[in-house]
Amino acid sequence: MTFRLKMLPALDGDCLLLSWGDDGPLHHMVVDGGRKGAYAYLHDELAAIKKAGEKLDLYALSHVDADHIEGSLAYFDDVNRPLLPEQVWYNGFEQMGRAGAGVRSMRQGDDWSNAIARLRLPLNTPFEDGVATIEQAPGPIDVQGLKVSMLSPDAAHLTAMRLKWDAYRKTVATARTGVRGGKAARPPVTPPIVVEDYVADGEIDTELPNGTSIAFVAEWRGRRVLLGGDAHPDLLTSSLAPLAKKEGGRYRLDLLKVSHHGSRKNTSRELIEIIDCHQIAISTNGALHQHPDPESIARFIHYGVPGAKDLWFNYASDWTLPWGDEDTKAKYGYRTHFPPADGQEIMEIDLTVDPAP
């Protein structure tokens, strides 16, 4: 049995490859494209998939922020791309309208919608009215045997973003930057880290583009991974609540790929306390927004279920390396996993393996 997640080097963004299957050909899903430079790594992965005689069953673009969409645009613009996906999940301007960012991100979103139409790719086919929301997917979606349970977005978040996008379309787009304003820089934590100093809850994310993120749980043969995009933590928590109730109060996950690269505004105490999970994965080099925030990691360690925990990072940066401090790991009972020293290797997580106790 194969069920694995690869986090490609995507700078401050996400570019994820999920693969699953039993004996024989594997199935594959890409979630987001990261920054433009991530496409070189994705191209090689897609070439290997094609060489093996396999398909890309799904490409899901969570939302239009540049650190998720730039590489996706590079993929669709590449006339020498190895293969195209069998289907696409994405909510652009039209989908948000049916659900009744920075300027450049919205422009890129329109470009991606145009590329989907130009390439005649099936869009949001499992969803009622062609809109990828929790309301339009009241039950799990089957993707080649993979059970996908939608957690975000809801219609309210899409409607709010549609209003902002509509205002953009009525103006002349002159902005050249691909990012929304960053937060004020703060220094990395210094080991040994006192986890209790960072666990207090604070404000949660209210950014409109992040709230439109497609986020879901993917389950294969009883193993589960939550791919959070940049989704708001209150929506993730409310979507998980009925699932957790059925399992005694906490919903079991084998891996949480944290929302918004480990921003403190996207990993709340309430979210951690509703899941039964021993592993988190964080995708970012930390260069632009100094992610991950120590609060996100500290809340997972402090409020998570008892037992050893594993932290997976696809970059060894000033904001992740302090968590590798041996004294801190011994005190709080967790392990860290980093890519090789050059920081440019793909981080691969085998989801069929239980973490060591």
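Preceding this paragraph is the structure being described.
About the thresholds
- Residues numbered from 1 in each chain as written.
- Predicted model: local features only at pLDDT ≥ 70, side-chain atom pairs only at ≥ 80, totals over all residues.
- Heavy atoms only, no water.
- Helix = DSSP H or I, 4+ residues; strand = E, 2+ residues; numbered from the N terminus.
- Rg over C-alpha atoms; globule rule 2.2 N^0.38 Å.
- Buried < 20%, exposed > 50% of the residue type's maximum accessible area, 1.4 Å probe, protein only.
- Areas by Shrake-Rupley, 256 points an atom, 1.4 Å probe, with all protein chains shown as cover.
- Lys, Arg positive; Asp, Glu negative; His and termini not counted.
- Charge placed at Lys NZ, Arg CZ, Asp CG, Glu CD.
- Pairing = 2+ DSSP bridges.
- Axes fitted to C-alpha atoms, helices over the stretch in contact; angles between N-to-C directions.
- Contact = heavy atoms within 4.5 Å.
- Salt bridge = Lys/Arg side-chain N within 4 Å of Asp/Glu carboxyl O.
- Core = buried A, V, L, I, M, F, W, Y, C linked by side-chain atoms within 4.5 Å.
- Expected span 1.5 Å × (residues − 1).
- Polar contact = N/O pair within 3.5 Å; in protein donor to acceptor, adjacent residues only side chain to side chain.
- Phe/Tyr/Trp six-rings, centres within 6.5 Å; stacked < 30°, edge-to-face > 60°.
- Lys NZ or Arg CZ within 6 Å of the ring centre and 35° of its normal.

Here we come to the overall build of the chain. Helix and strand counts for the chain stand at 10 helices and 16 strands. Over its C-alpha trace the chain gives a radius of gyration of 19 Å, about what one expects of a compact globule, namely 21 Å for 357 residues. With the C-alpha coordinates aligned to their principal axes, the bounding extent of the chain is approximately 55 × 50 × 45 Å. Out of the 357 residues belonging to the chain, those deemed buried represent 59%. For the chain, the exposed area adds up to about 14200 Å²; of that, 51% sits on carbon and sulfur atoms. Of the charged side chains in the chain, 38 are positive and 50 negative, and the gap between their average positions amounts to 3 Å.

A few words now on the sheet that holds strand β14 (residues 309–313). Reading across from one edge, β6-β7-β8-β9-β11-β13-β14-β15 is the order of the 8 strands in this open sheet, with mixed pairing throughout. Strands with a single pairing partner mark the edges of an open sheet, and in this sheet they are β6 (141–143) and β15 (334–337). Here the strands of the sheet are splayed against their neighbours by 20° on average, with no regard to which way each runs. Where strand β8 (residues 215–220) and strand β9 (residues 223–227) come together, 5 bridges link them in antiparallel fashion. The residue bridging Phe216 from the neighbouring strand is Leu227, located in β9. In this fold helix α7 (residues 233–246) packs onto β7 (146–152), β8 and β9, with an angle of close to 130° to the strand it touches most, β7. Packing against the sheet, helix α9 (residues 294–303) makes contact with β13 (279–282), β14 and β15, and its axis sits at approximately 160° to β14.

Leaving glycine aside, a negative phi is the common case for residues, and trans is the common case for peptide bonds. Of the consecutive residues Ser152 and Pro153, the connecting peptide bond is found in the cis state with omega at 0°. Mapping Pro153 onto the fold places it in the loop between β7 and α5 (155–169). The peptide bond linking His291 to Pro292 adopts the cis configuration, its omega dihedral lying at 0°. You can see Pro292 is positioned in the loop between β13 and α9.

Attention now goes to the pattern of salt bridges. In the structure shown here, the tally under the stated rule is 21 salt bridges. Of the charged contacts, one joins Glu295 and Arg186 as a salt bridge, the two residues approaching to 2.6 Å between their closest N and O atoms. Note that Glu295 is positioned in helix α9 and Arg186 in the loop between α5 and α6 (208–211), a separation of 109 residues in sequence. A relative accessible area of 11% places Glu295 in the buried class.

This paragraph deals with the nonpolar core. If you look at the biggest cluster of nonpolar residues, it comprises 37 residues, and the most contacted ones within it are Leu42, Tyr75, Phe76, Tyr90, Trp112 and Trp165. Ranked by size, the runner-up nonpolar core spans 33 residues in total, among them Ala215, Ala231, Ile275 and Ile280.

With that out of the way, let us pick up the sheet that holds strand β5 (residues 88–89). Across the sheet, 6 strands lie side by side as β5-β4-β3-β2-β1-β16; this open sheet has mixed pairing. A strand with exactly one partner marks an edge of an open sheet, and here the two such strands are β5 and β16 (347–350). Two strands pair when backbone bridges link them, and strand β4 (residues 58–60) and β5 are joined in this way by 2 bridges, in the parallel orientation. Across the sheet, the residue bridging to Ala60 is Trp89, located in β5.

Once that is clear, we can look at the environment of Gly130. Within the fold, Gly130 resides in the loop between α4 (103–119) and β6. On a C-alpha basis, the gap between Gly130 and Asp254 in space is 30 Å, while along the polypeptide they are 124 residues apart. Sequence-distant contacts of Gly130, defined by excluding residues within four places in its chain, comprise Gln95, Arg98 and Asn124.

Let us now look at α7. For α7, built from 14 residues, the straight-helix expectation of 20 Å at 1.5 Å per residue is met to within 8% by its first-to-last C-alpha distance of 20 Å. Among all positions of α7, only Pro233, Leu235, Leu236, Thr237, Ser239, Leu240 and Ala244 are buried. The first or second residue beyond α7 is Gly248, which carries a positive phi of 90°.

For the rest of this paragraph, the subject is the side chain of Asp154. Examined against the element boundaries, Asp154 turns out to sit in the loop between β7 and α5. The side chain of Asp154 is buried and forms no salt bridge, while Arg162, the nearest opposite charge, is found at 15 Å. Within polar-contact distance, the side chain of Asp154 engages the side chain of His157 at 2.5 Å. Discounting chain neighbours no more than four positions away, the residues touching Asp154 are Thr133, Ile134, Glu135 and Leu235.

On to the packing of aromatic side chains. For the coordinates displayed, the defined rule picks out 12 aromatic pairs. Note on Phe313 and Phe338: the rings are 5.3 Å apart at their centroids and 20° apart in plane angle, and the pair reads as stacked. Taken together, the residues span a long stretch of sequence, with Phe313 in strand β14 and Phe338 in the loop between β15 and β16 at a distance of 25 residues. Owing to a relative accessible area of 25%, Phe338 belongs among the partly exposed residues under this scheme. Between the NZ or CZ atom of Arg169 and the centre of the ring of Phe93, over which it lies, the distance is 3.7 Å. Across the ring face of Trp220, the terminal group of Arg221 is positioned such that the distance to the ring centre comes to 4.2 Å.

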